[in-house]
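# Observations on the three-dimensional arrangement
Here is what each chain is made of, one letter per residue.
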Amino acid sequence: MGRFGLPRTSFSCVYVPTNFQNPISRFSTISLKTQLQNGDSFDGKEQFVTLCSKGHIKEAFDSFVSEIWTRPRLFSNLLQACIPTKSVSLGKQLHSLILTSGSSPDKFISNHLLNLYSKLGELQAAVALFDRMPRRNIMSCNIMIKGYLEVGNLESAKKLFEEMPERNVATWNAMVTGLTKFEMNEESLFLFSRMNGLGFMPDEYSLGSVLRGCAHLRALFAGEQVHAYVMKCGFEFNFVVGCSLAHMYMKAGGLHDGERVIKWMPNCNLVAWNTLMAGKAQNGYFEEVLVQYCMMKMAGFTPDKITFVSVISSCSVLATLGQGKQIHAEAIKAGASSVISVISSLVSMYSKCGCLQDSIKVFLECKERDIVLWSSMIAAYGFHGQGIEAIKLFNEMEQENLPGNEVTFLSLLYACSHCGLKDKGLDFFDMMVEKYGLKARLEHYTCVVDLLGRSGCLEEAEYVIRSMPVRADAIIWKTLLSACKIHKNVEMARRVAEEVLRIDPQDSASYILLANIHASAKRWQNVSEVRKVMKDKMVKKEPGISWVEVKNKVHQFCMGDECHPKFVEINLYLKELTSEMKMRGYVPDTSSVLHDMDNEEKEYNLIHHSEKLAIAFALMSTPEGMPIRVMKNLRVCGDCHVAIKYISEIKNLEIIVRDSSRFHHFKNGACSCGDYW
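Residues numbered from 1 in each chain as written. Predicted model: local features only at pLDDT ≥ 70, side-chain atom pairs only at ≥ 80, totals over all residues. Heavy atoms only, no water.

Quick look at the overall build of the protein now. A tally of regular secondary structure across the protein gives 36 helices and six strands. Seen through its C-alpha atoms, the protein measures out along the principal axes to roughly 105 × 50 × 50 Å. Counting over 677 residues, the protein shows a buried share of 52%. Long-range pairs, those at least 24 residues apart, make up 65% of the contacts in the protein between residues at least 6 apart in sequence. As displayed, the protein has an accessible area near 31,500 Å², and 52% of this comes from carbon and sulfur atoms. Counting 76 positive and 73 negative side-chain charges, the protein places the averaged centre of each group 3 Å from the other. (Helix = DSSP H or I, 4+ residues; strand = E, 2+ residues; numbered from the N terminus. Buried < 20%, exposed > 50% of the residue type's maximum accessible area, 1.4 Å probe, protein only. Contact = heavy atoms within 4.5 Å. Areas by Shrake-Rupley, 256 points an atom, 1.4 Å probe, with all protein chains shown as cover. Lys, Arg positive; Asp, Glu negative; His and termini not counted. Charge placed at Lys NZ, Arg CZ, Asp CG, Glu CD.)

Tallying each qualifying case throughout the model produces 14 aromatic pairs. With centroids separated by 5.4 Å and ring planes inclined at 55 degrees, the aromatic side chains of F409 and Y436 adopt a geometry described as tilted. Pair noted here: F409 is in helix α25 (residues 406–417) and Y436 is in the loop between α26 (422–435) and α27 (442–454), with a separation of 27 residues, a long-range link. Relative accessible area serves as the criterion here: at 21%, Y436 is assigned to the partly exposed category. (Phe/Tyr/Trp six-rings, centres within 6.5 Å; stacked < 30°, edge-to-face > 60°.)

Before going further, it helps to examine a negative patch on the surface. Together, D423, D427, D430 and E434 line one region of the surface with negative charge. As for its placement among the helices and strands, D423 is situated in helix α26. Classification of D423 by relative accessible area gives exposed; the value is 52%. (Patch = residues over 30% accessible without salt bridge, like charges linked within 9 Å, V, L, I, M, F, W, Y side chains within 5 Å. Salt bridge = Lys/Arg side-chain N within 4 Å of Asp/Glu carboxyl O.)

A sheet is described by the order of its strands in space; here six strands give the open sequence β2-β1-β3-β4-β5-β6, paired in mixed fashion. Each edge of the sheet is formed by a strand with only one pairing partner; in this case those strands are β2 (553–558) and β6 (670–671). Note that strand β5 (residues 663–667) and β6 share two bridges and pair antiparallel. Bridge assignment links F666 to a residue of β6, and that residue is C671. (Pairing = 2+ DSSP bridges.)

Quick look at the layout of surface pockets now. Here the second largest pocket defines a volume of roughly 420 Å³. Around the second largest pocket, the lining comprises 22 residues; the ones closest to its centre are L321, E549, V550, M626 and R629. Elements represented by at least two residues in the lining of the second largest pocket include exactly α20 (321–333), β1 (545–550), α35 (610–621) and β3 (628–632). Of the residues forming the lining of the second largest pocket, the biggest block, four residues, is contributed by β1. (1 Å grid on protein atoms, 1.4 Å probe; cavity = no way out; pocket = protein on both sides within 12 Å on 5 of 7 lines; lining within 4 Å. Points joined across faces, edges and corners; volume = space filled by probe spheres on them.)

Moving on, we come to the confidence of the model for the protein. Of all residues in the protein, 92% attain a pLDDT of 70 or more, and the chain-wide mean is 86. Considering only residues more than four positions removed or in separate chains, one finds that residues 1–39, a stretch of pLDDT under 50, has 108 contacts. (pLDDT = per-residue confidence, 0-100.)

Turning next to the environment of M164. Its location among the elements puts M164 in the loop between α10 (154–163) and α11 (169–181). M164 gets classed as buried once you look at its relative accessible area, which sits at 6%. As for M164 and F363, which are separated by 199 residues in sequence, their C-alpha atoms are 50 Å apart. Ignoring anything within four residues of it in the chain, the contact list for M164 reads I138, C141, N142, I145 and T171.

This next bit is on empty space enclosed by the protein. Enumeration according to the criterion identifies two cavities of 30 Å³ or more in this entry. Roughly 30 Å³ of volume is contained in the second largest cavity. In terms of lining residues, the second largest cavity is bounded by L574, L577, T578, M581, K612, A643 and I647. For the lining of the second largest cavity, the secondary-structure elements that each account for two or more residues are α33 (567–583) and α36 (638–651). Of the residues contributing to the lining of the second largest cavity, the split by class is five nonpolar, one polar and one charged. (Nonpolar A, V, L, I, M, F, W, Y, C, P; charged D, E, K, R; others polar.)

Let us now look at the pairing of β2. Alignment of β1 against β2, held across six bridges, turns out to be antiparallel. Along β2, the bridge assignment pairs V550 with K553. If you look at the hairpin formed by β1 and β2, you'll find two residues sitting between the two strands, and K551 has a positive phi there, around 55 degrees.

The next subject is the side chain of S648. Along the chain, S648 falls in helix α36. Of note is the side chain of S648, whose polar atom sits 2.7 Å from the backbone oxygen of K645. Here the side chain of S648 touches G669 through a polar contact of 3.1 Å, landing on its backbone nitrogen. Not counting the four nearest positions on each side in its chain, S648 is found in contact with L653, I655, F666, K667, N668, G669 and A670. (Polar contact = N/O pair within 3.5 Å; in protein donor to acceptor, adjacent residues only side chain to side chain.)

Time to look at the pattern of salt bridges. This model, assessed by the stated rule, comprises 24 salt bridges. Measuring nitrogen to oxygen at the nearest pair gives 3.8 Å for the salt bridge that ties K392 to E389. Here the residue K392 and the residue E389 both occupy positions in helix α24 (residues 387–399), the gap between them amounting to three residues, near one helical turn. Assessed through its relative accessible area of 30%, E389 is described here as partly exposed. In this structure, R441 and E443 form a salt bridge, with 3.4 Å as the shortest nitrogen-oxygen distance. Bridged by salt links that share partners, the residues E462, R466, R495, E499 and R502 form one connected network.

Written out as structure tokens, the structure reads:
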């Protein structure tokens, strides 16, 4: 006898999806009581139903064994009860009894058995049973389609779908949802259109899937058409569809339309708040994410892991360390600090706020690490210029038998690029393609160009761009243009700038880089020509902005900014600091000034760069010896880089500056980048 007193019988079985629970399935929503009504009534049926619904399968079988043998359809109740408890072995024993009882040809019982194998991850058993079924119906095929989709066997699901002589709405819904799951979004939209043309009504889940597909494709027009269909079908106030609609609009760039959809929803729960915050983060409204987070808590909602990922990621971009630490504490309180996605966000947040040691601490405290977390930590090392540590961490990851993905190698290439590890970086690129079989994306080629360009291999870098199998964008050409500036290659800079401006004629950074290259060579006529072209084409230079957090308040500065309430004090402090720097040997690098003016004017211009203003304010406003963290939206100029080294030595403190490219840790008159940035 087997477990629970059931006789053991040998039979062939095979495999399906683990924990497959698809809300589209009408079959899975049939209650035990409804199923029982399909069989004969008997005394104690309510008790039998109750025992099965509570998972007391042994007691139900022992108490009503005679009724089960005389009414074989009662096996379906027992089979259904095995699913929540994941009782595969018990399900197999029940299968043996069904065979013994001679009721296996019954479609109703067979479908329940098929559903059990499918949902408990026994796809081989499900396939074997399906092949042996003498009589199948639409429900049998639907169960198999969902089973195939859950384990990733899309081809078998599509084949079975096409072979079905008849389909119902659940069939179409399952395939539409499945195609979206595998990111075959265009095919999903086409199938949805076919479904609609045949008169089948989609349910909330297939509509949600189609809208998610539109979001992934950023197909706003198609999404708007689906929205019109949603209203026609009366789903406009459905919660699942509403959140999917809002997500679609926000992902496709229609933030305000997405907000409007959420506002119209009759009830706003945590999922709606999360959708709104994620949408704002995707569209770059990071300050508003933090505002929405506070409003959500005031409304009485408790944040979950999805909330924390959006909010912590926003703190990363804004580099608001104080708020980031506070939210970390709230994540611990909410029990979300052990979730891998939250931990990865925390590693990134601390890294981007200049606290690499805190990133390392969070990483080491996590014992169950996935590829996302490893990649986040490798990226953190690279962002702080610790390429050797990034490589060591990758080697540890390989020892854990965890293969790197595209993001991992992108982080490694970035780390090598910013540390001058050209040969090592090229080895990693080859490893990614040859050993791991990963396809290099444009971002990987951009890192390779940066790697070669920084090391002075400009011709080789240009060859990579012109020979790579993907279309070049403005960013990869600008990367080479930056390298031309570093190595003062004026002729190549002209050629490369033309490529950038052909792709994006309004790109101000390329004009400024080209003007800088001419200015460093004292070609003022060429500088004037570049500036005239910018004026004629109405190209506006992106202003340099630096910000610093003092006492949990963010202070922002622009070059020559006189709007700050303490500008007079800051200006006076900077003059005194500059005098002391000059006494120690500091000489302003006026070559980075793009105007042909006298040296005094150039020096005044340099002194009032945004990062210098931010550092001066921080020095005036923080306790002596406390590290200062300044963030900048553009690359730190050469003069500021030299000046900050002097300031760190004079004030005997660490100054951490994050620019658009990486972190610089200034201490004792030196920078962590080794002047290689």
